[in-house]
Amino acid sequence: MNGTQPLLKIDGSTEVYGIIGNPVRHSRSPAMHNAAFAACGLNKVYVPLPALDGAAAVAAIRTLGIAGASVTIPHKETVIEQLDKVDPVAARIGAVNTIVRRGDELHGANTDWLGANQALGEALELAGAKVLLLGAGGSARAIGFGLREAGAKVILASRTPERGQELAQQLDCPWVPLEQAAEQAANALVNATSVGMAPLAEQSPLPAAALAAFPVVMDIVYSPLQTRLLREAEAAGCHCIDGLAMLLYQGAAQFTMWTNQEAPLAIMRQTLLENL
């Protein structure tokens, strides 16, 4: 089935959703969620909501009666204080990427970790697994807390010692410099750095010779879809997970939170592929 779905007719009953951040013009979320709403026959529309101020954006959501929103850079942390409730894992992560209206209240959640866990969990049992996580930014933080929530053992590696050691302390896991990451062995490797996307599209965070030590390799970079890391991991015989999986599953979790319905994964994935 073609992933592109016609939007439902917009009328006075249409519920509005959107993505707040700066910038948001590049986001694939409007295409993905609008295709999902249309496929399920829901009178909902999802629009980009560029916002310079996170607090003002949440106030606008309240005032305008917007039914729900995605939150992206740079507002994932700053919106927390503006919400009525935040789920426990999102609070520990310190970042919200999903806002759900519950009556007169706005609730915050984080589906980044849910998306990462689902993508990785299709390849191995997370409870008790050892995962080498590369990076110390916002994505690594969400993935790290999600892995710990699932009972995985995490080894964190990053270029920035101060930031990496601080996150490792919060995750209660060991930290190693990125240049020593190749010496580690684990059930899975997750790249949560920007290495592999432009302008670093022809680089890989680990040397090809080290990849055979990781049966499962996941890269959260989705543009390009097959990064150098994944090409070399495939050549080494690893089970590879591309960045589209996390993007898809975090969006599917948002869809379910907003609609209480199962997300149409095939249509959402096809729409993402068409919009890469």
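Remember, it's a predicted structure, so these values are computed and weren't measured experimentally.

Draft legend 1. Layout of the pattern of salt bridges. Counting across every chain of the model gives seven salt bridges. Here Glu149 and Arg92 are joined by a salt bridge, their closest N and O atoms 2.5 Å apart. Remark: Arg92 occurs in helix α3 (residues 88-93) and Glu149 occurs in helix α5 (residues 138-149); sequence separation between them is 57 residues. With relative accessibility at 42%, the residue Glu149 sits in the partly exposed group. Among the ionic pairs, Glu202 bridges to Arg231, the shortest N-O distance being 3.5 Å. A residue pair is termed long-range when its members are at least 10 positions apart, and Glu202 in the loop between β10 (188-191) and β11 (216-219) and Arg231 in helix α7 (residues 228-235) qualify at 29 residues. Given the relative accessible area of 54%, Glu202 is considered exposed.

Draft legend 2. A look at the nonpolar core. Within the largest apolar cluster, 55 residues are counted, with the highest numbers of intra-cluster contacts made by Leu120, Leu133, Ile143, Leu147, Val190 and Met218. Those residues in contact with Met218 that sit more than four places away from it in its chain are Ala116, Ala119, Leu120, Leu189, Val190, Asn191, Ile241 and Met246. In terms of nonpolar packing, the next biggest core, distinct from the first, is built from 17 residues, Leu132, Ala181, Leu211 and Val217 among them.

Draft legend 3. Spatial organisation of the sheet that holds strand β5 (residues 98-102). Here six strands make up an open sheet; going across it, the order is β2-β1-β3-β5-β6-β4 and the pairing mixed. A strand with exactly one partner marks an edge of an open sheet, and here the two such strands are β2 (44-50) and β4 (85-86). Strands in contact with helix α1 (residues 29-39) are β1 (15-21) and β2; relative to β2, the strand with the most contacts, it is inclined by about 170°. Sitting on the sheet, helix α8 (residues 243-259) is in contact with β1, β2, β3 (68-71), β5 and β6 (105-109), with an inclination near 10° to β5.

Draft legend 4. Quick look at α5. For α5, built from twelve residues, the straight-helix expectation of 16 Å at 1.5 Å per residue is met to within 8% by its first-to-last C-alpha distance of 17 Å. Those residues of α5 not exposed but buried are Ala140, Ala142, Ile143, Gly144, Phe145, Gly146 and Leu147. One or two positions beyond α5, positive phi appears at Gly151, with a value near 90°.

Draft legend 5. The packing of aromatic side chains, seen in detail. A complete count under the given rule lists four aromatic pairs for this structure. Both rings, one in Tyr17 and one in Trp258, keep their centres 5.1 Å apart while their planes meet at 45°; by these two values the pair is tilted. Taken together, the residues Tyr17 in strand β1 and Trp258 in helix α8 connect sequence positions 241 residues apart. By relative accessible area, which is 2% here, Tyr17 ends up buried. For the pair Tyr46 and Trp258, a centre-to-centre distance of 6.0 Å together with 45° between the ring planes defines the contact as tilted. With Tyr46 in strand β2 and Trp258 in helix α8, the pair connects residues that are 212 residues apart, well separated along the chain. We note that Tyr46, like Trp258, is buried.

Draft legend 6. Main features of the sheet that holds strand β7 (residues 130-134). Taking strand neighbours across the sheet as the criterion, the six strands line up as β9-β8-β7-β10-β11-β12 in an open arrangement whose pairing is parallel. This sheet does not close on itself; its edge strands, each paired only once, are β9 (175-177) and β12 (239-241). When the angles between neighbouring strand axes are averaged without regard to direction, this sheet yields 20°. Note: β7 against strand β8 (residues 153-158), five bridges, orientation parallel. Paired with Leu134 across the two strands is Ala157, which belongs to β8. Here α5 sits on the sheet and contacts β7, β8 and β10; the angle it forms with β7, its principal contact strand, is near 170°.

Reading the values: the criteria
- Note that residues are indexed from 1 along each chain, following the sequence as it is written.
- Confidence filtering applies because this is a predicted model: local features only for residues at pLDDT of at least 70, side-chain atom pairs given and counted only at 80 or more, and all residues used for totals across whole chains, interfaces and linings.
- Side-chain measures here rest on the full set of heavy atoms in the structure, leaving out hydrogens and waters.
- Think of a salt bridge as a Lys or Arg side-chain nitrogen and an Asp or Glu carboxyl oxygen that are within 4 Å of each other.
- The way it works is that DSSP assigns letters per residue, a run of H or I at least four long becomes a helix, a run of E at least two long becomes a strand, and they are numbered from the N terminus.
- Each residue gets one of three labels from its accessible area relative to the maximum for its type: buried under 20%, exposed over 50%, partly exposed in between, using a 1.4 Å probe on protein chains only.
- To qualify as a nonpolar core, a set must consist of buried Ala, Val, Leu, Ile, Met, Phe, Trp, Tyr and Cys residues joined through side-chain atoms within 4.5 Å.
- In this analysis, two residues are considered to be in contact whenever any of their non-hydrogen atoms come within 4.5 Å of each other.
- Pairing between two strands requires that DSSP report at least two bridges joining them.
- Here an axis means a line fitted to C-alpha atoms, over the contact stretch when the element is a helix, while the angle between two N-to-C directions is reported on a 0 to 180 degree scale.
- Working rule for helices: expected span equals 1.5 Å times residues minus one.
- What counts as a ring pair is set by centres within 6.5 Å for rings of Phe, Tyr and Trp (its six-membered ring), and what kind of pair is set by the plane angle: stacked under 30 degrees, edge-to-face over 60, tilted for all other angles.

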